[in-house]
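Geometric and topological summary
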Amino acid sequence: MSLLGTQDDLKVLVETLNFKQKVDRSLQLIREAYDKYGDGLVVANSLGKDSVVVWDLAKKVDPKIKGFIVTTRFKPKETVEFMNQEVVRYPELAVYKNDSEISPELYNVDPDQCCEVLKVEPVKRAVDEMKVTCWVTGLRCTEGRTRTDYKEVEERDKGLIKLNPILIWKEREVWQYLALYEVKVNPLYKEGYRSLGCSPCTRITNDDNERAGRWIGTSKCGGECGIHTRPLKSNLDGDGI
Ligand code: SF4
C-alpha cells in the first residue's frame, strides 16, 4: 500500500517502529514520491544533521535526485566550509543566497524580517527556478514545540507538496543513522550544538528542547525561521496555510 496517502497515527509510530523500520519507511516515502514527481522532487538541504540524513536517503533512492542549500551572510565559517565540501561532492546541490542590503543588526531588531529576507526569499526562488513540485525536508516532530503538527506528506502551498520523510525519527535515531552509515556532518556538532543556524542566533544549551539554542532572548526562541510556516508559492491561487 502507498505511504503517500497514509493516515497512520504518527505519534504511535514514533514510539513503536524500530530504527530499521523507520529507515525503510523513509526510503519508501522518498521512492514513492520520486516515482510520482520525478525531477520535480528536490531535497532542501540545510546542512544540519537531519538534512544530511535525508540527503543520504535520497541518494540511496536515486543518485540523480537534486537538492538546494540556502545559505546566509551570517552562517558560521564551519558551516560554509562544510557547504563548500558538500557542493564539490554533490554538484547536483544548488546554492541560493540573498545578498541584498539589510540593516546591520536586523537579526536583533526584527529577526522575523531578517529570516524572511535571508532565508524564506531564497527558498521561494529555489522552488520557482528549480520547478519544484515536491520538496523534501528534514523536519522531525520530536524536535521542538513548533514541530508537532506536521504530516509526512502535506500541501501547505497549493501545487507544492512537502515530503517530511524522517518526521517520526528521534534525535537518537538520526545520530544512529549518521554513525552507522558514516555520513559526514557539520563539525560544529563536536562543539556541543544540537541545532544549527546563523551565528548571531544560535547558542549551545543543555535544555531538553533540541531547538532551545535558536534565537535565545527573542520572541522566536526555540522557534522557526519561516521556511516551514510561510507560503512559498506566491504566483498561485491561495496563500498557503
Ligand atoms: S537566523 Fe538570525 S541571522 Fe539568520 S536569517 Fe534568521 S534572524 Fe537573520
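Here the residue numbering is sequential within each chain, running from 1 through the sequence in written order. Under the rules for a predicted model, residues below a pLDDT of 70 receive no local features and side-chain atom pairs below 80 are neither given nor counted, while totals for whole chains, interfaces and linings still include all residues. Water and hydrogen atoms were dropped before computing side-chain values, which therefore reflect all heavy atoms in the structure.

**Some details on the overall build of the protein chain**
Numbering goes from the N terminus for both helices and strands, where a helix is a DSSP run of H or I of at least four residues and a strand is a run of E of at least two. Helix and strand content of the protein chain: seven helices and six strands. Element order for the protein chain, N to C, with α for helix and β for strand: α-α-β-α-β-α-β-α-α-β-β-β-α. Here the globule rule reads 2.2 Å times residues to the power 0.38, and the radius of gyration is calculated from C-alpha atoms. In terms of overall dimensions, the protein chain is globule-like: its C-alpha atoms have a radius of gyration of 17 Å, near the 18 Å expected for 241 residues. With the C-alpha coordinates aligned to their principal axes, the bounding extent of the protein chain is approximately 50 × 40 × 35 Å. By residue count, 54% of the 241 residues in the protein chain fall in the buried class. The contact criterion used is simple: two residues touch if any of their non-hydrogen atoms lie within 4.5 Å. In the protein chain, the share of contacts with a sequence separation of at least 24, taken over all contacts with a separation of at least 6, comes to 72%. Here the Shrake-Rupley method, with its probe set to 1.4 Å, supplies the accessible areas, and only the displayed protein chains count as covering residues. Accessible area of the protein chain: about 11,600 Å², with a carbon and sulfur share of 50%. Measuring between centres, the 38 positive side-chain charges of the protein chain sit 1 Å from its 39 negative side-chain charges. Accessible area is worked out with a 1.4 Å probe on protein chains only. A residue is then buried under 20% of its type maximum, exposed over 50%, and partly exposed in between. When charges are tallied, Lys and Arg are placed among the positive residues and Asp and Glu among the negative ones, while His and the ends of the chain are skipped. For charged residues, the charge sits on one atom: NZ in Lys, CZ in Arg, CG in Asp, CD in Glu.

**Here's the deal with the pattern of salt bridges**
Definition used for salt bridges: Asp or Glu carboxyl oxygen within 4 Å of a side-chain nitrogen of Lys or Arg. Tallied over the full model, the rule gives 22 salt bridges. Of the charged contacts, one joins glutamate 152 and arginine 25 as a salt bridge, the two residues approaching to 2.8 Å between their closest N and O atoms. Residue glutamate 152 is located in the loop between strand 4 (134-136) and strand 5 (153-157), and its partner arginine 25 is located in helix 2 (residues 19-37); the two are separated by 127 residues in the primary sequence. For glutamate 152, a relative accessible area of 4% translates into the label buried.

**Examining the site of the ligand**
We call a residue near a molecule or strand whenever a single non-hydrogen atom of that residue lies within 4 Å of it. Around the ligand, the structure places ten residues, and the nearest of them are Phe74, Cys114, Cys115, Cys198 and Cys201. Split by residue class, the shell around the ligand holds nine nonpolar, no polar and one charged. Throughout, the ten residues Ala, Val, Leu, Ile, Met, Phe, Trp, Tyr, Cys and Pro are labelled nonpolar, Asp, Glu, Lys and Arg are labelled charged, and all others, Gly among them, are labelled polar.

**Some words on the side chain of glutamate 154**
When you line up the elements, glutamate 154 lands in strand 5. A polar contact of 3.3 Å, which involves the side chain of glutamate 154, links it to the side chain of arginine 156. One polar contact links glutamate 154 to asparagine 164, side chain to side chain, over a distance of 3.3 Å. Non-local contacts of glutamate 154, meaning those with residues more than four positions away in its chain, are made with Leu160, Ile161, Lys162 and Asn164. Two N or O atoms form a polar contact when they lie within 3.5 Å of each other; inside protein one atom must be a possible hydrogen donor and the other a possible acceptor, and for residues adjacent in sequence the pair counts only when both atoms belong to side chains.

**Topic: the sheet that holds strand 4**
Sheet architecture is open: six strands sit in the order 3-2-1-4-6-5, paired in mixed fashion. Looking at which strands have only one partner, the edges of the open sheet turn out to be strand 3 (93-96) and strand 5. Within the sheet, the average angular offset between the axes of one strand and its neighbour, ignoring direction, is 30 degrees. Helix axes are fitted to C-alpha atoms over the stretch in contact, other axes to C-alpha atoms as well, and angles between N-to-C directions run from 0 to 180 degrees. Most of the contacts of helix 4 (residues 77-89) go to strand 3, to which it runs at about 145 degrees, and overall it touches strand 2 (66-70) and strand 3. Sitting on the sheet, helix 6 (residues 111-129) touches strand 2, strand 3 and strand 6 (160-163), and the angle it makes with strand 2 is about 160 degrees. Two strands make a pair as long as DSSP finds a minimum of two bridges between them.

**Let's talk about the environment of isoleucine 69**
Position of isoleucine 69 relative to the elements: it lies in strand 2. Those residues within four positions of isoleucine 69 in sequence are excluded, and the remaining contacts are Asn45, Leu47, Met83, Val87, Leu93, Ala94, Val95 and Tyr96.

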